[in-house]
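# Structural overview
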Amino acid sequence: MPTTPAAPDPDRWLRPARATTLVSLASSLWATLFLPLIGVLREPDPVRSVAGALGIVLFAVTQGAAMHAAVTPWLDDRTRRRRRFAFAIAAVLSVPLVAPLAAGVWPSWAWLGATIVGTAPLLGPVRAVLPVTAGTVAVAAAVAVSTGGSVTKHLVIAGGIGIGIAAMNGCQVWFWDLLVNARQGQEARARLAAAEERLRFARDVHDVLGHALTVIALKAELAARLAPVDAERAGREADEVRRLAATALDEVRDAVHGYRRVDLAEQAAAVGQVLRSCGVRSTVLLPDGDLSAGASAQFAAVLREASTNVLRHSRAGWCRIEISVADEVARMTVANDGASAAGPDDRSHGLAGLTERLAAVGGALAVRRDGDVFTVEATVPAAA
C-alpha cells in the first residue's frame, strides 16, 4: 500500500506520527531479523557464517530503506522504485547466502522469508502480494528440502508468521496513510478557504470599480458632449469625474488593506445623487435603525450592481431604492421603469454572482419584470 506523494517535508503535526510508525515497524522487523542471526551463531563453518551475516545485513539495510519509503510520501517515484528493486535483489541474494546457515538445525532463511511476506504488501501493488507470498513460501519449502530441514516448520514460519507480520505492519502503515490523507484534507480545505477569500475580495473590488468606472464613463461622455455648448457645466462634470475617480481609488485602497467598512446609508445617498445627475428621478428610503455590518455589506453589493445596471442597460426615468427590516429579515428593493430597453435578466453574470453571495449567508435574490418596471429584491437575515 504505497503512499502517494504529498508535501516536500513532514510538518510538526505529522512528524511525531511518522516517527512512531517507523519505530513500530523497526521493532517488528528487528524480531524477524534477529532470529536468522541465531543461524550465524550456530553455523560451524566460518565462511558460511560470514557470508550469511553479510546477506542478513544487506537484507536488513535494503529492507529498512524500502520501509522508510513506505512512510515517506514526499519521496519521488524513481527513488521508491530504486529502493524496492534493491530490496528485491537483496532478498534473492539471501537465498544462497543465508539458506545454508545451520542447515538442518535452524530454519535461518525461513525467518527472512517471513519478513519478505510481511513486507511485500507495504512496498508494491496489491496484485503483486499474492505472487510474492506464494513464491516466498515455495522457496522456503525448497530450502527446507535442500538443507534437510523440516518442510512444515519452514512453511509455518515463512507463511504463517509472515502473514501475521504483514497484518501488523499493514495496520501501522494504514493508520499512517489515514493521517497523511487527513492532513492533505486539512490543507485542501485551507487552500479552498483562501481561494474563496480571494474570490470574495476580487468580487468586492469588481463591485467597487465596476460601479465607479461606469459612472465615470457616463460623466466623461456627458462632459465631452457639453464642452462645445456649455463649457462651464462641462468643467463641473469633469471635476465630478476627478472626484469620483479619487473616491474610487480611496475605496480600492481601503479594500486592499482590509479597512473598508460599508456605510450603506452613505452609499445609497451617493447612488441617488448620481442617478439624479444622470436625469433619473430617484427615491431612497432607509430604515429607522442601523443594519448589521454583514447585512450592510451584502446590500451594498446589491446596490452597486443594481444601480450600475440602471445606468448601463436601461433608459429609466425613475428609480426607487427601499431598505426595510421586518421579522428579523432585512430587505432591499431597487425598482426602475427602464425594463423596456435591453438589459440584464435573472441569468446575468452580475445577478447570478449576487444570488450565490446572498445564499451563502442565508439570503436570497429575486428579479421581477412587470411591464416596463424591473425590480431587484434582496433579503438577508437582519443579524447577518
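Under the annotation held in an unreviewed UniProt entry, the chain carries the name Two-component system, NarL family, sensor histidine kinase DesK and is attributed to Micromonospora pallida.

### A few points about the overall build of the chain
Across its full length, the chain holds 10 helices and 5 strands. The buried share among the 384 residues of the chain stands at 40%. Within the structure as shown, the chain displays about 20100 Å² of accessible surface, and the carbon and sulfur contribution to it stands at 62%.

### Comments concerning the pattern of salt bridges
Going through the model one piece at a time under the given rule, you end up with 9 salt bridges. A salt bridge links R236 to E232; the shortest N-O distance between them is 3.6 Å. Separated by 4 residues within a single helix, R236 and E232 lie in helix α7 (residues 231–256), roughly one turn from each other. Taking the shortest distance from any N to any O, the salt bridge between E237 and R233 comes out at 3.9 Å. Pair noted here: E237 and R233 are both in helix α7, with a separation of 4 residues, about one helical turn. Look at R233 and you get partly exposed, because its relative accessible area is 32%. One connected set of salt bridges, linked through shared partners, spans K219, R233 and E237.

### Quick notes on the pairing of strand β5 (residues 373–381)
The element β5 is largely enclosed, with a buried count of 7 among its 9 residues. Direction of pairing for strand β3 (residues 329–336) relative to β5: antiparallel, over a ladder of 8 bridges. Counted as the bridge partner of A330 is V380 from β5. Relative to β5, strand β4 (residues 364–370) runs antiparallel, the two sharing 7 bridges. By the bridge assignment, V367 is partnered in β5 with V376.

### Some remarks on the sheet that holds β4
Adjacent strands of a sheet pair through backbone hydrogen bonds, lying either parallel or antiparallel. Reading across the sheet, the 5 strands line up as β1-β2-β3-β5-β4 and stay open at both edges, with mixed pairing between neighbours. Every other strand in the sheet has two partners, leaving β1 (281–285) and β4 as the edge strands with one partner each. Within this sheet the neighbouring strands show an average axis-to-axis angle of 10 degrees, counted without direction. Running at roughly 165 degrees to β1, helix α8 (residues 264–277) makes contact with β1, β2 (318–326) and β3 of the sheet.

### Considering the packing of helix α4 (residues 108–123) against helix α5 (residues 129–147)
At their nearest, the axes of α4 and α5 sit 9 Å apart, and the two run at 180 degrees to each other. When the axis of α4 is compared with that of α5, the two are roughly antiparallel. Here W109, G113, I116, V117, A120 and P121 of α4 come into contact with α5, specifically with V129, V132, T133, T136, V139, A140 and V143.

### Details of the environment of D370
In this structure, D370 sits in strand β4. By relative accessible area, which is 62% here, D370 ends up exposed. Sequence separation between D370 and A339 is 31 residues; the distance between their C-alpha atoms is 8.2 Å.

### Considerations on helix α3 (residues 77–98)
Taking 1.5 Å of rise per residue, 22 residues should cover 32 Å, and α3 covers 31 Å from first to last C-alpha, within 8% of that figure. Buried within α3 we find R80, F87, A90, A91, S94 and V98. Of the surrounding secondary structure, the elements contacted by the buried residues of α3 are α2 (46–70) and α4. Here α3 starts with a cap whose side-chain oxygen sits 3.2 Å from the backbone nitrogen of R78, and that cap is D76.

### Some thoughts on unusual backbone geometry
Residue D327 is not a glycine yet carries a positive backbone phi of 55 degrees. Residue position: D327 is located in the loop between β2 and β3. Residue class for D327 comes out exposed when judged on its relative accessible area of 75%. The phi torsion at E328 lies on the positive side, around 65 degrees, for a residue other than glycine. Note on placement: E328 falls in the loop between β2 and β3.

### Brief notes about the UniProt feature "transmembrane region" (unreviewed entry) in the chain
UniProt tags residues 21–41, 53–75, 87–109, 129–148 and 155–176 as "transmembrane region" (unreviewed entry). In the segment residues 53–75, helix accounts for 78% and strand for 0%; the C-alpha atoms at its two ends are 30 Å apart. Helix and strand shares over residues 87–109 are 61% and 0% respectively, and the end C-alpha atoms of the span are 15 Å apart.

What counts as what
- Residues numbered from 1 in each chain as written.
- Predicted model: local features only at pLDDT ≥ 70, side-chain atom pairs only at ≥ 80, totals over all residues.
- Heavy atoms only, no water.
- Helix = DSSP H or I, 4+ residues; strand = E, 2+ residues; numbered from the N terminus.
- Buried < 20%, exposed > 50% of the residue type's maximum accessible area, 1.4 Å probe, protein only.
- Areas by Shrake-Rupley, 256 points an atom, 1.4 Å probe, with all protein chains shown as cover.
- Salt bridge = Lys/Arg side-chain N within 4 Å of Asp/Glu carboxyl O.
- Pairing = 2+ DSSP bridges.
- Axes fitted to C-alpha atoms, helices over the stretch in contact; angles between N-to-C directions.
- Contact = heavy atoms within 4.5 Å.
- Parallel < 35°, antiparallel > 145°, perpendicular 65-115°, else oblique.
- Expected span 1.5 Å × (residues − 1).
- Polar contact = N/O pair within 3.5 Å; in protein donor to acceptor, adjacent residues only side chain to side chain.
- UniProt positions renumbered as here; feature names shortened; annotations may be inferred.

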